[in-house]
Amino acid sequence: MRHQLFITLIIALISVLLLISCNNSSIDSSLFTVEEIDGIRYVHNHASQHDDDINVKLKLLGKIGKLESELEEDILWNPVDVARLSNSDILILESDGCIIKRYNKNYEFISSFGQKGRGPGDFLSPYFLRLNKSKNKLYVAGSKISILSVDLKYEDSFIPEHIFRFGSIGVEYEKSGMAVLSDSRVVLPNHPQNWINSGEPKLLSIYDKKGTIIRSFGAVKLYDYPELTVNANIVSFVTDNHDNIYVAYNYQNRICKYSPDGKMIFSADRPLPYEIKNEMIPIEMKSGNMRKEFLLPSVTSVTKGIYIDYKNRIWVLTFLKKPNKFNTFDIKENLTDCYEFDVFNSNGILQFKVPFPNVMFDNFSIYDDRIYLIDYRNVSCVYEYRIVE
């Protein structure tokens, strides 16, 4: 009996060792280096792991939205975000329309919810749409956080404490992201005025369902000038099914993973085709015979967003070249030359790159194996792509 148990344990141990060996064989450790400082792993990717043997593409499936139509449901008024339900229905949030429209998988209109206003179920310039982990609740960010059922029925709302604006940079912080954790907790950007005044620079805050801050976290890179610190630390963020939080810095070469309690697990970077220059530059202002020079912050656009796909991989949309002053590209540009998706595993190792389609867009979202490109400046529509591999 003991002999049989010993043999069984040996076989189990060999199986585990073989599994580890097979998993390690798929990772080329020469393509990245890792430092560990104070319990945090710093992953420096030198190249992607599988560009030569993995061919992942985006296949266009269809489009929702027309510039002209006799039917109101065919027109999208400034679409800003998209969510996909478990039954494949698509929800589109309109900022100007202050409404959510629901379509089936064949892009046929089903229903809508919302109107402009301040009452229960009303929206004022909404800008984010998120599902909870169970995909049975819908969270809408605007002048407040509204909570709906997936049948688009109003349930509750709250106004987060310590959310206020100062100038355009405050608006950019406010609209940089929202994520929903378990137990109805919500992650929102921590307004820079909060951590400037407190002296504790933390980029994100977790709120309970009453709008009270539970904790704040998120590393801030400090520069010599406060204005540059504020401009260079805007982030995008997303959560996985285990409430880990992934943060991509829009103007730094940095992707971080945080545990649900706000502890940093890793910080990763990747090779870029340009040098990052976040600096104060002199600007001369003229008024008649008067001339005066000012220093203004100038930052390098690196990242446009981050999402998690159906295989728990991290998709980061990376700039390949300098955008225009609106952080976009002119219509004559081929956007395949302007962006690419850098795809990481959950340990921060760069796996492969995916070419970006030559389609004008302003925002994107990923649900399961679908990528939605949202265009509100040009055609006012939503493109649906499938991740094909």
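About the thresholds
- Sequence positions are assigned chain by chain, starting from 1 and proceeding in written order.
- Note on the predicted model: pLDDT of at least 70 is required for a residue's local features to be given, and 80 or more for side-chain atom pairs to be given and counted; whole-chain, interface and lining totals, by contrast, use all residues.
- Side-chain measures here rest on the full set of heavy atoms in the structure, leaving out hydrogens and waters.
- Runs of E in the DSSP output that reach at least two residues are strands. Runs of H or I that reach at least four are helices, and both are numbered from the N terminus.
- Only protein chains enter the accessibility calculation, which uses a 1.4 Å probe. A residue is then buried if its area is under 20% of the maximum for its type, exposed if over 50%, and partly exposed in between.
- Here, residues are in contact when the closest pair of their heavy atoms is within 4.5 Å.
- Residue burial considers only the protein chains on display, and all accessible areas are found by Shrake-Rupley using a 1.4 Å probe.
- By the counting scheme adopted, Arg and Lys are positive, Glu and Asp are negative, and His together with the chain ends is not counted.
- Here the site of a charge means NZ on Lys, CZ on Arg, CG on Asp, or CD on Glu.
- What makes a nonpolar core is a set of buried Ala, Val, Leu, Ile, Met, Phe, Trp, Tyr and Cys residues whose side-chain atoms join them at distances within 4.5 Å.
- Here a salt bridge means any side-chain nitrogen of Lys or Arg lying within 4 Å of a carboxyl oxygen belonging to Asp or Glu.
- Paired rings are identified among Phe, Tyr and Trp, the last through its six-membered ring, by centres lying within 6.5 Å, and are further divided according to the angle between planes into stacked (under 30 degrees), edge-to-face (over 60) and tilted (the rest).
- Placement of a positive charge over a ring is assigned whenever Lys NZ or Arg CZ falls within 6 Å of the ring centre and within 35 degrees of the normal to the ring plane.
- Strand pairing is assigned whenever DSSP detects at least two bridges linking the two strands.
- Lines are fitted to the C-alpha atoms to define the axes, a helix being fitted only along its stretch in contact, and any angle between axes, read from their N-to-C directions, falls within 0 to 180 degrees.

Undergrad: Would you mind showing me how to read the overall build of the protein chain here?
TA: Scanning the protein chain from N- to C-terminus turns up 4 helices and 28 strands. Dimensions of the protein chain along its principal axes, counting C-alpha atoms only, are 90 × 55 × 45 Å. Per-residue burial for the protein chain yields a buried fraction of 49% across its 389 residues. Taking the intrachain contacts of the protein chain between residues at least 6 apart in sequence as the baseline, contacts between residues at least 24 apart amount to 49%. For the protein chain, the computed accessible surface area is about 19700 Å², with 51% contributed by carbon and sulfur atoms. Between the averaged position of the 45 positive side-chain charges in the protein chain and that of its 49 negative side-chain charges there is a distance of 2 Å.

Undergrad: So what exactly am I meant to see when it comes to the nonpolar core here?
TA: For soluble globular proteins, the rule of thumb is that nonpolar side chains tend to be buried together. Counting 40 residues, the largest nonpolar core has Trp315, Tyr339, Phe341, Ile371 and Leu373 as its most contacted members. The greatest single-element share of this core, amounting to 5 residues, is contributed by strand E23 (residues 314-319). Ignoring anything within four residues of it in the chain, the contact list for tyrosine 339 reads Lys304, Leu317, Thr318, Phe319, Leu320, Asn327, Thr328, Phe329, Phe356 and Phe361. Membership of the second largest hydrophobic core comes to 22 residues, among which are Ala179, Trp195, Leu204 and Tyr251.

Undergrad: Could you clarify how one ought to interpret the pattern of salt bridges in this entry?
TA: Where charged atoms of side chains with opposite charge meet at close range, the side chains can pair. A full pass over the atoms with the stated rule returns 18 salt bridges. A salt bridge links aspartate 368 to arginine 84, with the shortest nitrogen-to-oxygen separation between them at 3.1 Å. Taken together, the positions of aspartate 368 in the loop between strand E26 (363-367) and strand E27 (370-375) and arginine 84 in strand E4 (residues 79-84) put the pair 284 residues apart, joining distant regions of the chain. The exposure class assigned to arginine 84 is buried, which follows from its relative accessible area of 8%. Close ionic contact of glutamate 389 with arginine 313 constitutes a salt bridge, the shortest N to O distance being 2.7 Å. Of this pair, glutamate 389 sits in the segment after strand E28 (381-388) while arginine 313 sits in the loop between strand E22 (303-308) and E23, and the two are 76 residues apart along the sequence.

Undergrad: I'm lost on the packing of aromatic side chains in this one. Help?
TA: How two aromatic rings sit relative to each other is given by the distance of their centres and the angle of their planes. One pass over the full model with this rule turns up 15 aromatic pairs. The interplanar angle of 75° and the centroid separation of 5.6 Å between the aromatic rings of tyrosine 127 and phenylalanine 128 together place this pair among those described as edge-to-face. Note on tyrosine 127: relative accessible area 11%, which makes it buried. Over the ring of tyrosine 249 we find arginine 254; its NZ or CZ atom is 4.7 Å from the centre of that ring.

Undergrad: Looking at this structure, how should I read the sheet that holds strand E3 (residues 57-64)?
TA: Whether parallel or antiparallel, the strands of a sheet pair through hydrogen bonds between backbone atoms. The 4 strands lie next to each other as E3-E28-E27-E26, forming an open sheet whose pairing is antiparallel. Either end of the sheet is taken by a strand with one partner, and the two such strands are E3 and E26. Averaged over all neighbouring strand pairs, the angle between strand axes comes to 25°, with direction disregarded. As paired elements, E26 and E27 share 5 bridges and run antiparallel to each other. Across the sheet, the residue bridging to asparagine 363 is isoleucine 374, located in E27.

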